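A closer look at the structure
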Amino acid sequence: MKPSAPYLPAAAPALSETDQEALTDLYVRGTPENTLRAYERDLLYVTAWKAARFDLALRWPEAEATALAFVLDHARDLNDAPPEDRARQVAEALIAQGLRKSLACPAPSTLDRRIASWLAFHRMKNLASPFDAPQVKQARSKARRAAARPPAPKSQHPITRDVLEQLLATCRGSRRDCRDRAILMLGWASGGRRRSEITGLMFDDVSLKEFDQKSLVWISLLETKTTTKGETPRLVLKSRAAQALVHWIEVGQIKTGPLFRPVSKADRVLKRRLSPDAIYQIVKHRLRLAGLPEDFASPHGLRSGFLTQAALDGAPIQAAMRLSLHRSMAQAQKYYDDVDIAENPAADLLG
């Protein structure tokens, strides 16, 4: 009697080209638009870095030595490196391509983001990550500690109510003024919306059913940084903010499509949506018109200003978070702490 052959499990079937395309499409549809843009920018940077560093294209999976070199090249200030230093030469090439700003050591968060994007593509391809190797993980940890720095505020100053009023006073009678007034008031009064959330709004996301009787406008965000599709609660605009938005809809003759759009120099409303960068330009423009420095605040100042004003007015933090949609109490508490410590009687002990 012949011994039976050992059992060998059948190899897992490989994905067909059609299945692979379907999987890629699923990743694209299931990933926020902002994240996709970040992946694209970071992959462009990483591809250019490897081409300049090794004169090679990316590999899938990438080699551990390449991952380690990437960490080391971005873990020191290259201003002090000699001209023949390879990392410096690569950095200068990236600067020439407009992909890197300076020879200074990038912030740890920037390095982490680029690596995270690189890892995301490995996961999409079901490949092992070179950054999971012990030596690479240790190098990342040491680099993070060596380059640690205090977190920079996203906005130099919060746009509190008094600052907002100064910006609104610069919005007079043109269509562009009406649009900017609506953007500033919606961005602030709805809880401090992010740029992408403002520009992502469509006409169909706005409900005007209760405007005539109650001066209320309801807004439905598709998703935010802290919420997913279908889970974002509706937000409300009242009185002045609601009136500003309705006025823009009427003046801009917005009946479908993007809610906020570019306005030409001839004061004609275009059909395409505003880009997130346009919100930055609008805030900077209005600061300048109000007689404030252009770097006084950024669009994030609408968000920080809303929470700071809520703290100044004594609004419960839970009520403010219902609109700001902060998921972390600790993060929202920072704005309240800044106000509380200024009002703390113990700060006046010296007189």
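Residues numbered from 1 in each chain as written. Predicted model: local features only at pLDDT ≥ 70, side-chain atom pairs only at ≥ 80, totals over all residues. Heavy atoms only, no water.

1. Some words on unusual backbone geometry
What counts is decided by this rule: Helix and strand assignments come from DSSP, with helices taken as H or I runs of at least 4 residues and strands as E runs of at least 2, each series counted from the N terminus. Burial status follows relative accessibility: with a 1.4 Å probe on protein chains alone, a residue under 20% of its type maximum counts as buried, one over 50% as exposed, and anything between as partly exposed.
Cis geometry is found at the peptide bond from W60 to P61, where omega equals 0°. Tracing the backbone through its elements, the reader meets P61 in the loop between α2 (33–54) and α3 (64–73). In this structure, S215 takes a positive phi of about 55° despite not being glycine. Considering the arrangement of structural elements, one finds S215 in the loop between α10 (211–214) and β2 (216–219). The class for S215 is partly exposed, based on a relative accessible area of 24%. Even without a glycine there, the phi angle at L325 is positive, about 65°.

2. Brief notes about the environment of A266
Assignment of secondary structure puts A266 in the loop between α11 (239–251) and α12 (276–289). In this structure A266 comes out as exposed when scored by relative accessible area, which is 67%. Taking the C-alpha atoms as reference points, A266 and R175, 91 residues apart in sequence, are found 9.8 Å from one another.

3. Some words on the sheet that holds strand β3 (residues 235–238)
Threshold: Note on pairing: two strands pair once DSSP finds at least 2 bridges between them.
Here three strands make up an open sheet; going across it, the order is β1-β2-β3 and the pairing antiparallel. Two strands lie at the open edges of the sheet, namely β1 (206–207) and β3, each paired on one side alone. Where β1 lies against β2, two bridges are found, and the strand directions are antiparallel. Considered in β2, the bridge of V206 is made with I219.

4. Side note on the packing of α3 against helix α5 (residues 108–124)
Condition: Lines fitted to C-alpha atoms define the axes, with helix axes restricted to the stretch in contact, and inter-axis angles between N-to-C directions lie between 0 and 180 degrees. Here roughly perpendicular refers to angles of 65 to 115 degrees, roughly parallel to angles under 35, roughly antiparallel to angles over 145, and oblique to all remaining angles. Handedness of a crossing follows from how the near helix is turned relative to the far one, being left-handed for an anticlockwise turn of less than a right angle and right-handed for a clockwise one. In what follows, a contact means two residues having at least one pair of non-hydrogen atoms within 4.5 Å. Think of it as three bins: nonpolar holds Ala, Val, Leu, Ile, Met, Phe, Trp, Tyr, Cys and Pro, charged holds Asp, Glu, Lys and Arg, and polar takes everything else, Gly as well.
As a packed pair, α3 and α5 sit with axes 11 Å apart at the nearest point and diverge in direction by 160°. In terms of orientation, α3 lies roughly antiparallel with respect to α5. Relative to α5, the crossing made by α3 is right-handed. Contacts between α3 and α5 involve T66, F70 and V71 on the former and, on the latter, L111, R114, I115 and W118. When the residues that make up the contact of α3 with α5 are grouped by side-chain class, the tally is five nonpolar, one polar and one charged.

5. Structural notes on the nonpolar core
To keep things clear, this is the line we draw: Think of a nonpolar core as a cluster: buried Ala, Val, Leu, Ile, Met, Phe, Trp, Tyr and Cys residues, connected wherever their side-chain atoms sit within 4.5 Å.
Ranked by size, the top nonpolar core spans 55 residues in total, and within it V217, L245 and F260 carry the most contacts. Counting residues in each nonpolar core, the second largest holds 21 residues, with Y45, W49, L94 and I115 among its members.

6. Section: α12
Residues spaced three or four apart along an α-helix point in a common direction, a consequence of the helix completing one turn every 3.6 residues. For clarity, the cut-off: Expected helix span is computed as 1.5 Å times (number of residues minus one).
Between its terminal C-alpha atoms α12 stretches 21 Å, which fits the 20 Å expected from 14 residues at 1.5 Å a residue. All buried positions along α12 are accounted for by A278, I279, I282, V283, R286 and L287. Directly beyond the C-terminal end of α12, a positive phi value near 85° is found at G291.

7. Some thoughts on the pattern of salt bridges
Formally: A pairing counts as a salt bridge when a side-chain nitrogen of Lys or Arg comes within 4 Å of a carboxyl oxygen of Asp or Glu.
A complete count under the given rule lists 16 salt bridges for this structure. In this structure, D112 engages R144 in a salt bridge whose closest nitrogen and oxygen atoms are separated by 3.2 Å. Of this pair, D112 sits in helix α5 while R144 sits in helix α6 (residues 134–146), and the two are 32 residues apart along the sequence. Overall, the relative accessible area of 24% leaves D112 in the partly exposed class. Since its relative accessible area comes to 36%, R144 is described here as partly exposed.

8. Looking at the packing of aromatic side chains
Spelled out, the test is: Between rings of Phe, Tyr and Trp, where Trp is taken as its six-membered ring, a pair exists when centres lie within 6.5 Å; planes separated by under 30 degrees are stacked, by over 60 edge-to-face, and by other angles tilted. Whether a charge sits over a ring depends on NZ of Lys or CZ of Arg being within 6 Å of the ring centre and within 35 degrees of the ring normal.
This model, assessed by the stated rule, comprises eight aromatic pairs. Look at W60 and F121: their rings are 6.3 Å apart centre to centre, the planes differ by 50°, and that puts the pair in the tilted class. One end of the pair, W60, is in the loop between α2 and α3; the other, F121, is in helix α5, and 61 residues separate them in sequence. Classification of F121 by relative accessible area gives buried; the value is 17%. For the pair W188 and F306, a centre-to-centre distance of 5.8 Å together with 85° between the ring planes defines the contact as edge-to-face. You can see W188 sitting in helix α8 (residues 175–189) and its partner F306 sitting in helix α13 (residues 300–312), a full 118 residues away along the chain. The exposure classification of W188 matches that of F306, with both residues buried. A connected cluster of aromatic rings, assembled from ring pairs, spans Y45, W49, F54, F70, W118 and F131. In this arrangement the basic side chain of R234 is found over the ring face of W218, its NZ or CZ atom lying 4.4 Å from the centre.

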